[in-house]
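Fold and contact review
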Amino acid sequence: MIINHPLLGPCDAQEFTYKGDARLIDRPDGMADGADAAFYNYAYLRDNPAGQHRELWFHEQGDRSWLVVTRNTVTHEITQVELARDVARKSGRSA
Amino acid sequence: MSRLPTGGQIDRTRKISFRFDGQYYKGHPGDTLASALLANGVRLMGRSFKYHRPRGVLTAGSEEPNALVELRTGGRQEPNTRATTVELFDGLQAHSQNAWPSLKFDALAINDRLSNFLTAGFYYKTFMWPAAFWEKLYEPIIRRAAGLGSITTKPDPDLYDKGFLHCDLLVIGAGPAGLAAALTAGRAGARVIVADEDFRMGGRLNAETFTLGAQSGADWTAQVVAELASLPNVRLLSRTTIFGAFDHGVYGAVERVSDHLLTPAPDKPRQILWRIYSKRALLCAGALERPIAFANNDRPGIMTASALRAYVNRWAASPAETVAVFTNNDDGHRTASDLLAAGVKVAAVIDTREDAPALQGAEVLAGAQVTDTAGRLGLKSVTVRLANGKSRKLDVGALGVAGGWNPNVALTCHQRGRPVWNNAIAAFVPGAELPQGMAVAGAAQGHFSTHAALHGGADSARRILADIGISAAAPDLPQAEDAPVNITPFWHVGGTKRAWLDFQNDVTVKDVKLAHQENFRSVEHLKRYTTLGMATDQGKTSNMGGLAVMAELTGKSIEATGTTIFRPPYTPVSMGALAGRSTGRDFKPTRLTPSHKWATEQGAVFVEVGMWLRAQWFPRAGEKTWRESVDREVLATRASVGVCDVTTLGKIDVQGRDAAAFLNRIYCNGFAKLAVGRVRYGLMLREDGIAMDDGTAARLAEDHFVVTTTTANAVPVYRHMEFARQCLWPDMDVQLISTTEAWAQFAVAGPNARKLLQKIVDPEFDISNDAFPFMACGEITVCGGLRARLFRISFSGELAYEIAVPTRYGDALIRRLMQAGEEFDVTPYGTEALGVMRIEKGHAAGNELNGQTTARDLGMGRMVSDKKDSIGAVLSRREGLNQPDGLRLVGFKPKNPKARVLAGAHLLEIGADMTAANDLGYVTSACYSPCLKSFIAIGFLKAGDERMGDVLRAASPLTGDDTEVEIVSAHFIDPEGERLRA
């Protein structure tokens, strides 16, 4: 597969390490009420779609960016590649 | 018969000598092994897989199922090589396979008489009882009897390489369509790669007699190839098979650089595995002719009509003086014409069609079928049932069978595409869903005439290039034949005798009928039950026939019956090419520590730790066992001072205003308040609450930490921290960089450690116990100004430091330490002594942080802060991980100090049966402690902290060890920590 890195352009998927569902960005607050249930969901419950999937890839043999890659798990078509940091900020994460 | 007096693309001025089954023969440059054997009158080339039937060539290409040979000898011996694709070279040696004692008399031909018992599914039905006999008796016998070639056990002496190529257009196949496409794209300036599996480009143009304009096919090809070769933007790869179409325009290719030579030229690879990145690809892989099944259709001398014509036209080799052709379409007549023109006698054209056209120079038997053949080691005659029902015998030495052409759609299906049926040509053609960026032209698309191939290739290239912004002009293409396809599908002649569909797997029409009868009717079931289409040829000549017979039996159309899935590789790829240079010592990179050269000089024994080579121990003269060396290193370190290279531990530099806050979330214990100049032990959890890795973090400045990880987890921990930094807390002011390779680091441990270091640390740095206490750190200089980092941390439990200098000074530093330490009898120690000392001290390491244990299990439950949010803290508190009888890290001492305890042993009550239900825990690390003069161990025991002093069994059903052990604290040595604070 070829991943079109937003900063570096097309890169072979061999340069990357795969992590999984991009929802791992949405880590709950460990100090909030109900954190146990929230973390149970976060750590264990994930969709496994046959089709479009937003997933985390790490450019380990490259610039060490974490990317959010929108990929069809059936056809491997990649429709969007974003810096995970930008996605995290958009979803309200900061420091 | 032998070589025809004229013609062929062979160099008759040169003769080359080769051997087949020990016999010497001569051929010419341009020959394949198959064409040279036929030219020498050799039709018998192999024995079949199951029935050991005598076999010759069926085809003239890479789809060959029959003529498989063992090529070369010694370490270069290569089984299952298709004689039809082996380019002849001087000194070639080939052996027939699957025959004993000889190809002409094969003892296992008895299988042929037993065929009633060896039908489809015989594996599943026979040899069922007793079960244990299968593995030990039946399978080895069957494997030996029903086999392909044998592999050599000697190492392959040749070099294989890998490479990467990029192009605008990849043209797969250099027949008329591919060459026209390449010419169009090449002239337009596009970056073009043309790959063709043959050693001579041109595809079928090499095997046909018709003209292109005023030129022969071969001359036109030569002219086009010469022009392409002159273009700097075109790369021609002959002897190169595109074996797979992968995601996003990536293609796998094998270039057989030296397979046509006796041995590769010095420093040249045998084969190269190319990974080709293409913007667009045009598949021009042509078509493969399919046979017709009839009784005894597998004798040497019976082959596809196109192969017969290729041997005559391209190689001037006719397998016999008199031949016949059996056809269901007009293309069979073309073979007969070509053979007549070459001076070969054609006894008749047997055409299944009632309305078969006439042919000048040969008798056409319209509406006739071949019902049987004769000739055990080579075809002698065929029996024909004429349209009027009468029988006629034709004495022929070869029979060309023309069942129609199948577009070569394999690569179009590698991304789940399914071919669709085309009635006009009675064959499957590529479907609408093609791999990204691929188009198909020529015969592979079902356009069989040369005219259609030339124009299809050129037009497709222009269309494709326009897509990527390159405009190309249409080339002048020569006038070429444009014959229509006239075919009346005909798959097999009825009858009770065996009629072969799959020659490689010995699958007959009967087998398909049996599969149908036993309800294995879907094509995928049919394949598995009968083995139709398996093995090295993947059914290139057999799948269609098999599924046509199945369609007939089920009453469905061929289209509804469907095909099995085509998967890579298109043709077999050697393991050598896939491995490339990753063999032997180069299988993976080897990382050497900065003291490696010095340790080698000391005669160290090394151990692989991940990719690293680390000194395991340093034997001295007179030491007979590793234990003697390790015991000495431990005792010497604890008595005076020892030095160990610990560079392999991961080092991550953490900088930024939020560095402390960041580490506070990464580690389960607190880091926010760690003072500058101090080090703290840290435990990282996974988000599910399980311990991930441990190490230290040293605060060199307000905004600067150095984190260490275990050797094994250096990469995963760095990845994890980057994930936290970029994905979880994107606005924290913190930067990370791995500095594992940047610093050479040595542990200096033992009561004299400080005295030794004081000799090399520059005098302005006070490292006395008061100024530089346990868990202090600082940036210093050594040896007169060399920058260094000093950490007062201890893995051994002794007064100890770790000192780091830039890597290039690592070798100098170890030599200086050893020199300065002479007065203290400084002792280098390896990973074994390191391990013994950490077990004696009760420190957890990789064996304990095994991905199943928690901070609580490790006895560090109270370290997990509930005053902050750190990774894994929440889930570490869940009930399941906090049971009262949960595992706890404890120590074990055998009642008999000489009795060994093994890591992996399980703990049981005395007298309890060795069952999983009675399992109380397990030993994780064990060693002989020279200080305690006893074996010792640490491990996990249910409610272990409440069982101090109890005696249990540590038993291993694997080794038979069964030792009574006392439960003790894991801290065997200096539990109060006085030594490390000294």
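Per an unreviewed UniProt entry, the recorded name for chain B is Sarcosine oxidase subunit alpha family protein, and the organism is Roseinatronobacter bogoriensis subsp. barguzinensis. According to UniProt, the comment filed for chain B under the heading Sequence similarities (unreviewed entry) is "Belongs to the GcvT family."

The name given to chain A in an unreviewed UniProt entry is Sarcosine oxidase subunit delta, and the organism recorded there is Roseinatronobacter bogoriensis subsp. barguzinensis.

This part covers the overall build of chain B. What chain B contains, in helices and strands, is 22 helices and 50 strands. Dimensions of chain B, computed from C-alpha atoms along their principal axes, come out at roughly 110 × 70 × 55 Å. Evaluated residue by residue, chain B yields a buried proportion of 59% over its 982 residues. For chain B, the proportion of contacts with a sequence separation of at least 24, taken over those separated by at least 6, is 66%. Total accessible area on chain B is roughly 39,700 Å²; 52% of this is exposed by carbon and sulfur atoms. For chain B, the distance from the average site of its 110 positive side-chain charges to the average site of its 105 negative ones is 3 Å.

To continue, consider the UniProt feature "domain: SoxA A3" (unreviewed entry) in chain B. Within this structure's numbering, the places UniProt gives as "domain: SoxA A3" (unreviewed entry) are residues 497–581 of chain B. Annotated as 45% helix and 6% strand, the span residues 497–581 of chain B places its first and last C-alpha atoms 51 Å apart.

The next point concerns empty space enclosed by the protein. All names here are of chain B. Per the counting criterion, the structure on display carries 5 cavities of 30 Å³ or more. In terms of lining, the largest cavity is formed by 23 residues, of which the most central are Val 409, Gly 539, Lys 540, Asn 543 and Phe 566. The element best represented in the lining of the largest cavity is helix α12 (residues 543–554), accounting for 3 residues. When grouped by side-chain class, the residues that make up the lining of the largest cavity number 12 nonpolar, 8 polar and 3 charged. Mapped onto the domain boundaries, the lining of the largest cavity takes at least three residues apiece from domain 1 (160–287 + 407–467) and domain 2 (290–351 + 363–406 + 486–561).

The next subject is the interface of chain B and chain A. Each partner contributes to the interface: chain B provides 35 residues, whereas chain A provides 38 residues. Both sides together, the interface formed by chain B and chain A hides about 3,000 Å², and carbon and sulfur atoms give 54% of it. Our count for the contact surface shared by chain B and chain A stands at 5 salt bridges. Its salt-bridge partner being A:Arg89, residue B:Asp731 comes within 2.6 Å of it at the nearest N-O pair. Contributing elements (two or more residues each) for the side of chain B that touches chain A: β15 (271–283), α18 (714–728), β39 (735–738) and α22 (873–876) of chain B. The biggest single contributor to the side of chain B that touches chain A is α18(B), with 9 residues.

With that out of the way, let us pick up the pairing of strand β2 (residues 23–27) of chain B. Pairing of strand β1 (residues 16–20) of chain B with β2(B), which is carried by 5 bridges, proceeds in the antiparallel orientation. Looking at β2(B), one finds that B:Phe18 is bridged to B:Tyr25.

All names here are of chain B. Helix α9 (residues 450–467) packs onto helix α5 (residues 176–187) with a crossing angle of 35° between their chain directions and a minimal axis gap of 7 Å. Every pair of crossing elements has a handedness; the one defined by α5 and α9 is right-handed. In this structure, α5 uses Pro 176, Ala 177, Ala 180, Ala 181, Thr 184 and Ala 185 to contact α9, whose residues at the interface are Thr 450, Ala 453, Leu 454, Gly 457, Ala 458, Ala 461, Arg 462 and Leu 465. The class makeup of the residues in the contact of α5 with α9 is 10 nonpolar, 3 polar and 1 charged.

All names here are of chain A. A cluster of nonpolar residues, Tyr 40, Tyr 44 and Leu 45, forms a patch on the protein surface that exposes about 300 Å² of accessible area. Counting through the fold element by element, Leu 45 comes out in the loop between α1 (35–44) and β4 (52–58). Looking at Leu 45, the relative accessible area reads 40%, which means it is partly exposed.

Moving on: unusual backbone geometry. All names here are of chain B. Look at the link from Pro 568 to Pro 569: it is a cis peptide, with omega at -5°. Looking at where Pro 569 falls in the secondary structure, it is placed in the loop between α13 (558–561) and α14 (575–579). One non-glycine residue with positive phi stands out, namely Asn 519, at about 75°. Secondary-structure assignment places Asn 519 in the loop between α10 (509–517) and α11 (523–530).

What follows covers the packing of helix α17 (residues 659–666) of chain B against α18(B). Residue and element names in this part refer to chain B. Running from N to C, α17 and α18 point in directions that differ by 115°, and their axes come no closer than 11 Å. Crossing geometry of α17 relative to α18 is assigned as right-handed. Judged by residue contacts, Phe 662, Leu 663 and Ile 666 of α17 engage Met 721, Ala 724 and Arg 725 from α18. Residue classes in the contact of α17 with α18 are distributed as 5 nonpolar, no polar and 1 charged.

All names here are of chain B. Scanning the model with the defined rule gives 0 disulfides over all chains in all. Take Cys 284: it sits in no disulfide, and the sulfur closest to it among the cysteines is that of Cys 167, at 13 Å. Under the relative-accessibility criterion, Cys 284 is labelled buried at 7%. Its sulfur unpaired, Cys 644 is 15 Å from the next cysteine sulfur, which belongs to Cys 927.

All names here are of chain B. On inspection of all chains with the given rule, the structure shows 57 salt bridges over all chains. A salt bridge links Arg 638 to Glu 840, with the nearest nitrogen and oxygen atoms 2.7 Å apart. Pair noted here: Arg 638 is in helix α16 (residues 626–639) and Glu 840 is in helix α21 (residues 831–841), with a separation of 202 residues, a long-range link. Comparing Arg 638 with Glu 840 shows no difference in burial state: the two are buried. Through salt bridges with shared partners, a single ionic network connects Arg 204, Glu 208, Arg 309, Asp 331, Arg 334 and Glu 481.

Here we take up the UniProt feature "domain: Aminomethyltransferase C-terminal" (unreviewed entry) in chain B. With numbering aligned to this structure, UniProt lists the feature "domain: Aminomethyltransferase C-terminal" (unreviewed entry) at residues 888–974 of chain B. Between the first and last C-alpha atoms of residues 888–974 of chain B the distance is 20 Å; the span itself is 0% helix and 47% strand.

As a further point, take the domain arrangement of chain B. Here chain B is described as being made up of domain 1 (160–287 + 407–467), domain 2 (290–351 + 363–406 + 486–561), domain 3 (598–648 + 742–837), domain 4 (650–738) and domain 5 (883–982). Using C-alpha coordinates to define each centre, domain 1 of chain B is positioned 61 Å away from domain 3 of chain B.

Here we take up the sheet that holds strand β6 (residues 78–82) of chain B. Strands pair in a sheet through their backbones, by hydrogen bonds, and they do so in one of two ways: parallel or antiparallel. Residues and elements named next belong to chain B. The strand order across the open sheet formed by 5 strands is β2-β1-β7-β5-β6, and the pairing between neighbours is mixed. Because the sheet does not close on itself, it has two edges, and the strands there are β2 and β6. Taking each pair of neighbouring strands and ignoring which way they run, the sheet shows an average axis angle of 40°. Here strand β5 (residues 68–71) pairs with β6 via 3 bridges, running antiparallel. In the strand pairing of β6, Val 69 is matched with Thr 81.

Residues and elements named next belong to chain B. Between the first and last C-alpha of α16 there are 20 Å, a value that for 14 residues agrees with the 20 Å anticipated at 1.5 Å per step. Burial in α16 covers these residues: Ser 629, Val 630, Asp 631, Arg 632, Glu 633, Val 634, Ala 636, Thr 637 and Arg 638. Elements in contact with the buried residues of α16: β33 (612–617), β34 (642–645), β40 (743–749), β44 (827–828), α21 and β47 (921–929).

Conventions used here
Residues numbered from 1 in each chain as written. Chains lettered and ligands numbered in written order. Predicted model: local features only at pLDDT ≥ 70, side-chain atom pairs only at ≥ 80, totals over all residues. Heavy atoms only, no water. UniProt positions renumbered as here; feature names shortened; annotations may be inferred. Helix = DSSP H or I, 4+ residues; strand = E, 2+ residues; numbered from the N terminus. Buried < 20%, exposed > 50% of the residue type's maximum accessible area, 1.4 Å probe, protein only. Contact = heavy atoms within 4.5 Å. Areas by Shrake-Rupley, 256 points an atom, 1.4 Å probe, with all protein chains shown as cover. Lys, Arg positive; Asp, Glu negative; His and termini not counted. Charge placed at Lys NZ, Arg CZ, Asp CG, Glu CD. 1 Å grid on protein atoms, 1.4 Å probe; cavity = no way out; pocket = protein on both sides within 12 Å on 5 of 7 lines; lining within 4 Å. Points joined across faces, edges and corners; volume = space filled by probe spheres on them. Nonpolar A, V, L, I, M, F, W, Y, C, P; charged D, E, K, R; others polar. Domains from an automatic or database assignment. Buried area = accessible area lost by both parts, 1.4 Å probe. Salt bridge = Lys/Arg side-chain N within 4 Å of Asp/Glu carboxyl O. Pairing = 2+ DSSP bridges. Axes fitted to C-alpha atoms, helices over the stretch in contact; angles between N-to-C directions. Left-handed = near helix turned anticlockwise from the far one by under 90°. Patch = residues over 30% accessible without salt bridge, like charges linked within 9 Å, V, L, I, M, F, W, Y side chains within 5 Å. Disulfide = S-S within 2.5 Å. Expected span 1.5 Å × (residues − 1).

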